[in-house]
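Coordinate analysis (summary)
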Amino acid sequence: MDKYAVFGNPISQSKSPLIHQAFAKQTAQAIEYTAIKAELDNFSGAIRDFMAHGGKGCNVTVPFKEQAFQLADQVSERAELAGAVNTLSFKEDGSIFADNTDGAGLVEDLKAHGAPLSGRILLIGAGGAARGVIHPLLAFSPLELVIVNRTFYKAESLAKRFESFGNVVAMTTEDLKEAGTFDLVINSTSASLSGDLPPISSHVFNQNSVAYDMVYGDKPTVFCRWAKEQGCKIAIDGLGMLLGQAAVAFSIWRNVMPNTQVVMQMLRSEMSK
Ligand code: NDP
């Protein structure tokens, strides 16, 4: 049976084994998929060990996405732009191909919800997740993509990195107060995990804005609840993105695209138990 895994630290919370096992069943693929905790100082050792024991590929999550990028022999164009990867494929000759499917997962979910991808977009956060989604968002030629982050210089450096792909600018949280409203507001920070809101003005929303939080849970996240309180009609959590990035990774490995909707229902009911 072909072996796959997700590597992270911590990893016990990961839904990836559940998702990939469901995809495998749905598409009649005989695979094993486990969660592996890599030591913080030995990510590459853990990957090499998995390869030596017959691993065919893996997902990579916090905090190893940049190290995985460094480890790869070949990377996709979108991964090269992001400088971080979440999907590794191990080739017969022992080399590693890396891709970043986070952006594809986000964009598919936004499209499925009819989100306004060509309007003004606000991206909150400038970590690994933000890096992976900027180029796929700019591919829709939004009027403007504004990046704001608690630590401003990181937002500034991301805006610079992607400036040749579209109208992308960094703003401070002060500038944002005067920047009007946005059609789509994406929270790519991990703030919701600790029940916090990112430090942005509520004036970014109008009643037609769509809010998206990359974090997900069994209940609406603090950011989704707050967006609705500010008058946003649609606030979406990141479970669809999680499934979308997993589906693209699965199709890279197995050459078949699973249906995410069926698995979404299964996951929501698992999470509500
Ligand atoms: P990183 O650690 O690389 O970046 C974290 C980001 O969150 C930084 O911009 C950081 O700001 C900001 N941040 C953290 N805490 C706060 C806070 N209390 N207030 C304001 N800003 C804060 O993480 P990632 O970018 O890899 O992941 C971010 C989140 O996205 C995680 O929660 C992750 O689970 C989720 N995610 C979800 C995916 C999905 O499929 N649904 C896929 C990928 C990620 P600063 O720079 O100032 O420290």
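Keep in mind the model is a prediction, meaning the values are calculated, not measured. (Residues numbered from 1 in each chain as written. Predicted model: local features only at pLDDT ≥ 70, side-chain atom pairs only at ≥ 80, totals over all residues. Heavy atoms only, no water.)

1. What about the pairing of strand 5 (residues 87–90)?
Condition: Residue exposure (1.4 Å probe, protein chains only): buried if accessible area is under 20% of the type maximum, exposed if over 50%, otherwise partly exposed. Secondary structure elements follow DSSP: runs of H or I of four or more residues count as helices, runs of E of two or more count as strands, with numbering from the N terminus. Pairing between strands is defined by DSSP: at least two bridges between the two strands are required.
The side-chain alternation of strand 5 yields two buried faces, one formed by T87 and S89 and the other by L88 and F90. As judged from the three bridges shared by strand 3 (residues 55–60) and strand 5, these two strands associate in the antiparallel manner. Bridged to N59 within strand 5 is T87. As paired elements, strand 5 and strand 6 (residues 96–99) share four bridges and run antiparallel to each other. Within the sheet, the bridge partner assigned to L88 lies in strand 6 and is A98. Counting the residues between successive antiparallel strands, the hairpin from strand 5 to strand 6 contains five residues, one of them, G94, with a positive phi of roughly 90°.

2. Considerations on helix 2 (residues 43–52)
Since one α-helical turn is 3.6 residues long, residues separated by three or four positions face the same way. The line we're drawing: Arc definition: directions from the helix axis to the C-beta atoms. By definition in these notes, contact holds between two residues if any of their heavy atoms fall within 4.5 Å.
Along helix 2, the positions that sit buried rather than exposed are F43, A46, I47, F50 and M51. The arc that holds every buried residue of helix 2, seen down its axis, measures 135°, which confines them to one face. Lining the buried residues of helix 2 we find strand 1 (2–8), strand 2 (31–37), strand 3, helix 3 (65–71), strand 5 and strand 6. Immediately downstream of helix 2, the backbone of G54 shows phi near 95°, a positive value.

3. Digging into the domain arrangement of the protein chain
The condition is simple: Domain ranges listed in this record stem from an automatic or a database domain assignment. What counts as buried area is the accessible surface, traced by a 1.4 Å probe, that two parts surrender upon association, with contributions from both included. Salt bridge criterion: a side-chain nitrogen from Lys or Arg within 4 Å of a carboxyl oxygen from Asp or Glu. By the criterion applied in these results, polar contacts are pairs of N or O atoms within 3.5 Å in which, for protein atoms, one can donate a hydrogen and the other can accept it, and in which residues neighboring in sequence qualify only through two side-chain atoms. Any residue that is not Ala, Val, Leu, Ile, Met, Phe, Trp, Tyr, Cys, Pro, Asp, Glu, Lys or Arg is counted as polar, Gly included; the first ten are nonpolar and the last four charged.
Split by domain assignment, the protein chain resolves into domain 1 (2–100) and domain 2 (103–239). On a C-alpha basis, the centroid separation for the pair domain 1 and domain 2 is 27 Å. Across the contact, eight residues belong to domain 1 and ten residues belong to domain 2. For the domain 1 and domain 2 pair, buried surface summed over both sides reaches about 710 Å², with 56% attributable to carbon and sulfur atoms. It is L81, A82 and N100 that lose the most area in domain 1 upon contact with domain 2, and together they represent 56% of the buried surface on that side. Counting across the domain 1 and domain 2 interface gives zero salt bridges. Applying the counting rule to domain 1 against domain 2 returns three residue pairs in polar contact (both at pLDDT 80 or more). When its residues are assigned to classes, the side of domain 1 that touches domain 2 shows two nonpolar, two polar and four charged.

4. Things to note about the site of the ligand
Applicable threshold: What makes a residue near a molecule or strand is one non-hydrogen atom of that residue sitting within 4 Å of it. Per-residue accessibility takes into account occlusion by the displayed protein chains alone, with areas from the Shrake-Rupley method and a 1.4 Å probe.
A129, N149, R150, T151 and M214 are the nearest of the 25 residues found near the ligand. Between the ligand and S190, the relevant distance is 3.2 Å, taken from an oxygen atom to a main-chain nitrogen or oxygen of the residue. In the model, a nitrogen atom of the ligand is placed 2.9 Å from a nitrogen or oxygen of the M214 main chain. Burial of the ligand by the protein amounts to 80% of the accessible area it has alone, namely 930 Å². Broken down by secondary-structure element, the contributors of at least two residues to the shell around the ligand are helix 6 (128–138) and helix 10 (239–254). Residue composition of the shell around the ligand, grouped by class: eleven nonpolar, nine polar and five charged.

5. Quick look at the packing of helix 5 (residues 102–112) against helix 10
Operational definition: Only the contacting stretch of a helix is used when fitting its axis, a line to C-alpha atoms as for every element, and angles between N-to-C directions run 0 to 180 degrees. The labels follow the angle: roughly parallel below 35 degrees, roughly antiparallel above 145, roughly perpendicular from 65 to 115, and oblique for the rest. Handedness of a crossing follows from how the near helix is turned relative to the far one, being left-handed for an anticlockwise turn of less than a right angle and right-handed for a clockwise one.
The N-to-C vectors of helix 5 and helix 10 enclose an angle of 125°; their axes lie 7 Å apart at closest approach. The orientation of helix 5 with respect to helix 10, classified from their angle, is oblique. Our pair here, helix 5 against helix 10, has a crossing hand that is right-handed. The residues of helix 10 that touch helix 5, namely those facing D102, A104, G105, L106 and D109, are G240, M241, G244, Q245 and V248. Residues belonging to the contact of helix 5 with helix 10 are distributed by class as follows: four nonpolar, four polar and two charged.

6. Details of the packing of helix 5 against helix 6
One way to put it is that helix 5 packs onto helix 6 with a least axis distance of 7 Å and a crossing angle of 50°. In terms of orientation, helix 5 and helix 6 fall into the oblique class. For the element pair helix 5 and helix 6, the recorded crossing hand is right-handed. Contact residues: D102, G103, L106, V107 and L110 in helix 5; G132, V133, P136 and L137 in helix 6. In terms of residue class, the contact of helix 5 with helix 6 is made up of six nonpolar, two polar and one charged.

7. Thoughts on the packing of aromatic side chains
How we decide: Aromatic pairs are defined between Phe, Tyr and Trp rings, using the six-membered ring for Trp, whenever the two ring centres lie within 6.5 Å; interplanar angles under 30 degrees are classed as stacked, those over 60 as edge-to-face, and all others as tilted. Consider the ring centre and the ring normal. A charge sits over the ring if Lys NZ or Arg CZ is within 6 Å of that centre and within 35 degrees of that normal.
All chains considered together, the criterion is met by eleven aromatic pairs. A ring pair is formed by F43 and F64, whose centres lie 4.8 Å apart and whose planes are at 15°; its orientation type is stacked. Of this pair, F43 sits in helix 2 while F64 sits in the loop between strand 3 and helix 3, placing them 21 residues apart in sequence. Aromatic side chains F162 and F165 sit 6.4 Å apart centroid to centroid with 55° between the ring planes, which places their arrangement in the tilted category. The buried category is assigned to F162, whose relative accessible area is 0%. If you follow R120 out to its NZ or CZ, it ends over the ring of F182, 4.2 Å from the centre.

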